[in-house]
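The chain contents come next:
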Amino acid sequence: MQTRLDALEESIDVIDSMEEFPLLTDANILAREHAKMEHATISLNIARRLAQRSKERINVLKIGDDLCYEKEAIAKEAKDFYSSLFSGHFHVRPYFRELVMPTISATQCMKLERPFSEEEVKNVIWNFGSNKSPGPDGFTMEFYKASWEIIKQDLMQIKDGILIAAELIDSRKKEGKPGLICKVDFEKYFENINWNCVDLALAKFDFRHIWRSWIKWCIYYTRFVVLVNGESIAMFRNHKGIRQGDPISQFLFILVVEILPLMIKRAADSGLLGGFKVAGYGTVINHLQSADDLMVFLDDSEEQVENLKNILLSFEIISSLKVNFRKSAAAGICIDHNGARCAEIFGCSLVNLTTNDLGIRLGSKSKCRPVWDIII
């Protein structure tokens, strides 16, 4: 903005100097008026931004039990906090060798590792949205519009998952058998994901060494700077986490969380977890997952809730992805469910069965017209 202001002031000065000679035209006068109006608008915006920044300044910070007013101490506390947040506390973590995971083919590996062409690089650069900030998922709306034919099936599958959940709940209620639904919330999943787990997951999916080394280079060598009142303080390295907003981060996260459904499935196969089914002889479904959203269907059993919590804690040790039990929720099926005790064991709140998920009301009667209005 300041550069534009300087250019406008120079333009106005040049036109003003022309008044000393019979060179000033109507077009020059009009251009000067436009320049003055733009200069006034930009100046007002700058003044507003400065006023806003003064309100957002951190002049005092509580450190321990004391209030700190020293600029250097506040900056050090901010750096120490974020440095600790992105540090790994466990150098050795358990592995998931015994889980059977789907793998990519040799042909897909070769395609991933083939040299980048100049045309590919150019296309990437030319397709960036101009003057647009990415959304929380790392993609702008421009991406969704341009890629609709490619991604529309994936987006529809998310909605399908919620419809499946509604059918499972409705069938369980008709069966009259008490049950429990646990909606699991992950805490700061991008900031906490373990680097070693990312590499192990890629290896388990049969991504080859070259591709994995590229991914390591992308996530291992990042640096962070904390801004305090607009001033940067010392740079530090992170030891975990992936950058939110980077398009590849979403894919890496999805590959890592794929470990959790396999752990849940293995526990269910061993009789440690139950599940719901649509029909009497239908397939038992014990969980639905979409990226960081996880919904688990259990029998009305305290033991199954304890087993699920142990699985989630084990997954945390493997991946550093921690469940926020306070933001998670449980809901009981049928009147005589044991939801209150199960929620207490799980460490979450007990909510009413009728709840919204992606705008769809779960727990309502399937023949209720308002439930389907949003879909139709």
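Enquirer: Can you explain the pattern of salt bridges? Please cite residues and give values.
Expert: Tallying each qualifying case throughout the model produces seven salt bridges. Across the salt bridge formed by Asp 299 and Arg 172, the nearest N and O atoms sit 3.0 Å from each other. Here the residue Asp 299 occupies a position in strand β10 (residues 293–299), and Arg 172 occupies one in helix α7 (residues 148–175), the gap between them amounting to 127 residues. Classification of Arg 172 by relative accessible area gives buried; the value is 3%. In this structure, Asp 199 and Arg 212 form a salt bridge, with 3.0 Å as the shortest nitrogen-oxygen distance. In this pair, Asp 199 sits in helix α9 (residues 195–204) while Arg 212 sits in helix α10 (residues 209–220), placing the two residues 13 residues apart along the sequence. Each of Asp 199, Arg 212 and Lys 216 takes part in one network of salt bridges that share partners.

Enquirer: I'd love a proper account of the packing of aromatic side chains, names of residues and values included.
Expert: Pairs of aromatic rings are described using the distance from one ring centre to the other and the angle between the two planes. Summed over the entire model, instances satisfying the criterion amount to five aromatic pairs. Ring geometry for Phe 186 and Phe 315: centres 6.3 Å apart, planes at 70 degrees, overall edge-to-face. Of the two residues, Phe 186 is situated in strand β4 (residues 186–187) and Phe 315 in helix α13 (residues 302–319); the sequence distance between them amounts to 129 residues. With respect to burial, Phe 186 and Phe 315 carry one shared label: buried. Between the aromatic rings of Phe 276 and Phe 297, the centroid separation amounts to 5.2 Å while the plane-to-plane angle is 45 degrees, which identifies the pairing as tilted. Of this pair, Phe 276 sits in the loop between α12 (259–269) and β9 (287–290) while Phe 297 sits in strand β10; the two residues are 21 residues apart in sequence, bridging distant segments of the chain.

Enquirer: So what's going on with the pairing of strand β3 (residues 179–184)? Residues and values would help.
Expert: Counting buried positions along β3 yields five of six residues, so the element is predominantly enclosed. Note: β3 against strand β12 (residues 329–333), five bridges, orientation antiparallel. Residue Ile 181 lies in a different strand from β12, and its bridge partner there is Ala 331.

Enquirer: Run through helix α11 (residues 247–257), naming residues and quoting values.
Expert: For α11, the complete set of buried residues consists of Ser 249, Gln 250, Leu 252, Phe 253, Val 256 and Val 257. Buried residues of α11, viewed axially, fall in a sector of 165 degrees; they line one side. Buried-residue contacts for α11 involve α8 (189–192), α9, α10, α12, β9 and α13.

Enquirer: Which residues make up a nonpolar patch on the surface, and what values do they have?
Expert: There is a patch of nonpolar side chains on the surface, built from Val 60, Leu 67 and Tyr 69 and spanning about 340 Å² of accessible area. Along the chain, the position of Leu 67 falls in strand β2 (residues 66–68). Judged by its relative accessible area of 55%, Leu 67 falls in the exposed class.

Enquirer: Got a sec to walk through the sheet that holds β10? Specific residues and values, please.
Expert: What the five strands build is an open sheet, ordered β9-β10-β3-β12-β13; its pairing is mixed. Only two strands of the sheet have a single neighbouring strand rather than two, namely β9 and β13 (349–350). Here six bridges tie β3 to β10, and the two strands are oriented antiparallel to one another. Residue pairing across strands places Lys 183 opposite Met 295, the latter belonging to β10. Where α13 meets the sheet, its contacts fall on β3 and β10, and the angle it forms with β10 comes to roughly 150 degrees.

Conventions we followed
Residues numbered from 1 in each chain as written. Predicted model: local features only at pLDDT ≥ 70, side-chain atom pairs only at ≥ 80, totals over all residues. Heavy atoms only, no water. Salt bridge = Lys/Arg side-chain N within 4 Å of Asp/Glu carboxyl O. Helix = DSSP H or I, 4+ residues; strand = E, 2+ residues; numbered from the N terminus. Buried < 20%, exposed > 50% of the residue type's maximum accessible area, 1.4 Å probe, protein only. Phe/Tyr/Trp six-rings, centres within 6.5 Å; stacked < 30°, edge-to-face > 60°. Pairing = 2+ DSSP bridges. Arc of directions from axis to C-beta. Contact = heavy atoms within 4.5 Å. Patch = residues over 30% accessible without salt bridge, like charges linked within 9 Å, V, L, I, M, F, W, Y side chains within 5 Å. Areas by Shrake-Rupley, 256 points an atom, 1.4 Å probe, with all protein chains shown as cover. Axes fitted to C-alpha atoms, helices over the stretch in contact; angles between N-to-C directions.

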